[in-house]
Amino acid sequence: MVSLHSDDLRMSPPDTNDTTETQLEGVVTRSTGSWYDVRVGDQVIPSRARGKFRLTKQNVTNPVAVGDRVTIRLNDEDNTGLILSIHDRTNKLSRRAAGHRRGEEHVMVSNVDRAWIVQAVKRPQFNPAFVDRVLVATAVNEIPAGLIINKIDLLTEEERAAVMDVHLRYADLGYPVITTSATENLGLARLETELKDQVSVITGPSGTGKSSLLNAIEPGLDVETGEVSESTRKGTHTTTHAELHPLSVGGYVVDTPGIREFGVRDIHPKDLAHFFPDLRPYVNECKFPDCTHDHEPGCAIKAAVDRDAIHPARYESYLRILDSLQEEEEQRF
Ligand SMILES: Nc1nc2c(ncn2[C@@H]2O[C@H](COP(=O)(O)OP(=O)(O)OP(=O)(O)O)[C@@H](O)[C@H]2O)c(=O)[nH]1
Ligand SMILES: [Mg+2]
Ligand SMILES: [Zn+2]
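Please read all numbers here as calculations on a predicted model, not as lab measurements.

**Student:** Please give an account of the coordination of the magnesium ion (ligand 2) that cites residues and values.
**Tutor:** Note on the magnesium ion (ligand 2): its protein donors are S211 (OG) and T239 (OG1). The metal-donor distances range over 2.0 to 2.2 Å. Of the two residues, S211 is situated in helix α6 (residues 210-217) and T239 in the loop between α6 and β12 (243-246); the sequence distance between them amounts to 28 residues. Given a relative accessible area of 7%, S211 falls into the buried group.

**Student:** How would you explain the side chain of T203 if you had to name every residue and give the values?
**Tutor:** In this fold, T203 is placed in strand β11 (residues 199-203). Its relative accessible area of 0% is what places T203 among the buried residues. With near-sequence residues (within four places) excluded, T203 lies in contact with M108, W116, I117, V118, V134, K210, T256 and I259.

**Student:** Now, about the coordination of the zinc ion (ligand 3): what can you tell me, with residues and values included?
**Tutor:** Four donors placed tetrahedrally about a metal ideally form angles of 109.5 degrees, and six donors placed octahedrally ideally form angles of 90 or 180 degrees. Listed as protein donors to the zinc ion (ligand 3) are C286 (SG), C291 (SG), H293 (ND1) and C299 (SG); their distances from the metal cover 2.1 to 2.4 Å. Here the zinc ion (ligand 3) binds four donor atoms, and the angle range of 101 to 114° at the metal identifies the geometry as tetrahedral. In the primary sequence, the donor residues of the zinc ion (ligand 3) line up as C-x4-C-x1-H-x5-C. Here C299 lies in the loop between β13 (252-255) and α7 (300-306) and C286 lies in the loop between β13 and α7, a separation of 13 residues in the sequence. Across the pair, C299 and C286 agree in class, each one buried.

**Student:** Quick rundown of the domain arrangement of the protein? Include the residues and the values.
**Tutor:** What the domain assignment lists for the protein is domain 1 (7-86), domain 2 (92-255) and domain 3 (269-332). Centre-to-centre separation of domain 1 and domain 2, based on C-alpha positions: 30 Å. Facing 15 residues of domain 1, the contacting portion of domain 2 comprises 16 residues. Carbon and sulfur atoms supply 47% of the area that domain 1 and domain 2 bury against each other, a total of about 1,300 Å² over both sides. For domain 1, the biggest contributors to the area lost against domain 2 are R30, T61 and V66; these three give 36% of the whole. One can count one salt bridge joining domain 1 with domain 2. Of the charged contacts in the structure, one is a salt bridge between E243 and R30, with a shortest N-O distance of 3.3 Å.

**Student:** Talk me through the site of ligand 1; I want residue IDs and the actual numbers.
**Tutor:** Near ligand 1 lie 24 residues; those nearest to it are D153, A182, S206, K210 and S212. Here an oxygen atom of ligand 1 sits 2.8 Å away from a polar atom, N or O, in the main chain of G258. When the free accessible area of ligand 1 is taken as 660 Å², the share hidden by the protein chains comes to 90%. Looking at the shell around ligand 1, the element that brings in the most residues is α6, giving three residues. When the residues that make up the shell around ligand 1 are grouped by side-chain class, the tally is five nonpolar, 15 polar and four charged.

**Student:** Tell me about the environment of G251, residues and numbers included.
**Tutor:** Structurally, the position occupied by G251 is in the loop between β12 and β13. On the basis of relative accessibility, which here comes to 17%, the residue G251 falls in the buried class. The spacing of G251 and L195 is 56 residues in sequence and 6.8 Å in space, taken between C-alpha atoms. Residues contacting G251, with those up to four places away along its chain left out, are D197, Q198, H245 and P246.

**Student:** An account of the pattern of salt bridges is needed here, citing residue identities and associated values.
**Tutor:** The final tally for this structure, using the stated rule, is 15 salt bridges. Because the salt bridges share partners, they merge into one network encompassing R114, R190 and E194.

**Student:** Can you break down helix α8 (residues 312-332) residue by residue, with the values?
**Tutor:** With 21 residues, α8 should reach 30 Å at 1.5 Å per residue; the first-to-last C-alpha distance of 30 Å fits that figure. Those residues of α8 lying buried are R314, Y315, S317, Y318, I321, L322, L325, E328 and E329. Along the axis of α8, the buried positions cluster into a sector of 150°, meaning they face one direction only. Residues E330 and Q331 are exposed on α8 and point more than 90 degrees away from its buried face.

Quick notes on the rules
- Residues numbered from 1 in each chain as written.
- Chains lettered and ligands numbered in written order.
- Predicted model: local features only at pLDDT ≥ 70, side-chain atom pairs only at ≥ 80, totals over all residues.
- Heavy atoms only, no water.
- Donors = N, O, S within 2.8 Å, 3.2 Å for Na, K, Ca; no water.
- Helix = DSSP H or I, 4+ residues; strand = E, 2+ residues; numbered from the N terminus.
- Buried < 20%, exposed > 50% of the residue type's maximum accessible area, 1.4 Å probe, protein only.
- Contact = heavy atoms within 4.5 Å.
- Tetrahedral: all angles 85-135°; square planar, octahedral: opposite > 155°, others 65-115°.
- Domains from an automatic or database assignment.
- Buried area = accessible area lost by both parts, 1.4 Å probe.
- Salt bridge = Lys/Arg side-chain N within 4 Å of Asp/Glu carboxyl O.
- Near = heavy atom within 4 Å.
- Polar contact = N/O pair within 3.5 Å; in protein donor to acceptor, adjacent residues only side chain to side chain.
- Areas by Shrake-Rupley, 256 points an atom, 1.4 Å probe, with all protein chains shown as cover.
- Nonpolar A, V, L, I, M, F, W, Y, C, P; charged D, E, K, R; others polar.
- Expected span 1.5 Å × (residues − 1).
- Arc of directions from axis to C-beta.

Here it is in structure tokens:
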């Protein structure tokens, strides 16, 4: 029980008919926009958020994110909660919002130990630019990241070399890479070992098999999965909300909705190369100290690309992200 005169309570909406109040601490496991599932012990308490969160965080589409630790006030009558405060986050994974709130920050998840990027070998087509954008976003937030290459059962002999190339490209950069098939039960023991006792988030384009992988290692979850369209070879956006699931081996995984394009934000263009571990070693060797590694003469990064010390696809990703960040800068000033 908490005194009605505490600062926190004075700021909350007036309650006329209750005299006793229970405050509880929990973790947000699911958010639908206006309601949040908050897990407190073994219980899940549907909760709303205080209006002040929306008012104070104007550039964020979602002031409360899955993974947040929160204090709620329990309404004893209907067993719902009101989120009073969000505890400090250890980290967060954010991207640029799309649609009508374009450019704003969308916090996908907070307080995670590792982020896994899922790509399919095909259906949908492997997208290295997507991988590189998520790797930048995780590097900015100091979240360790790894790559899952799923649907390896679909690989033909001729396609194997190209997948090996991608595998080595990221493994050489120091990222853990796991090849899996959710349907043929390949690589799942390794995946389970990596997820054990960690709080992980799984992200990637729609249809790559994020939810299928979760069901394969934890059948009891019975998460909904959907078909990949025959005509577009893309997923059909089956998972609509991020949700934190417990694993019986220990730990938690956050399944997230498929993303069309992972937009990077909040990086000054001149800092971008620091978040590419393969570009970073050269940044101080360029002729101009403010080199953007794009068009400038005497660029050490371009020289490294020319002698194959940097993979051209990675440099291409760098240039595309640089472009989007410069565009964002121009709009801001
Ligand atoms: N052949 C094959 N198909 C797979 C594999 N994993 C998933 N699929 C299929 O791919 C389709 C999409 O799977 P989902 O798990 O719904 O994909 P998702 O990434 O969760 O998609 P969203 O929720 O829309 O973001 C389903 O038809 C799955 O059966 C795999 O390893 N091999
Ligand atoms: Mg899904
Ligand atoms: Zn340069």
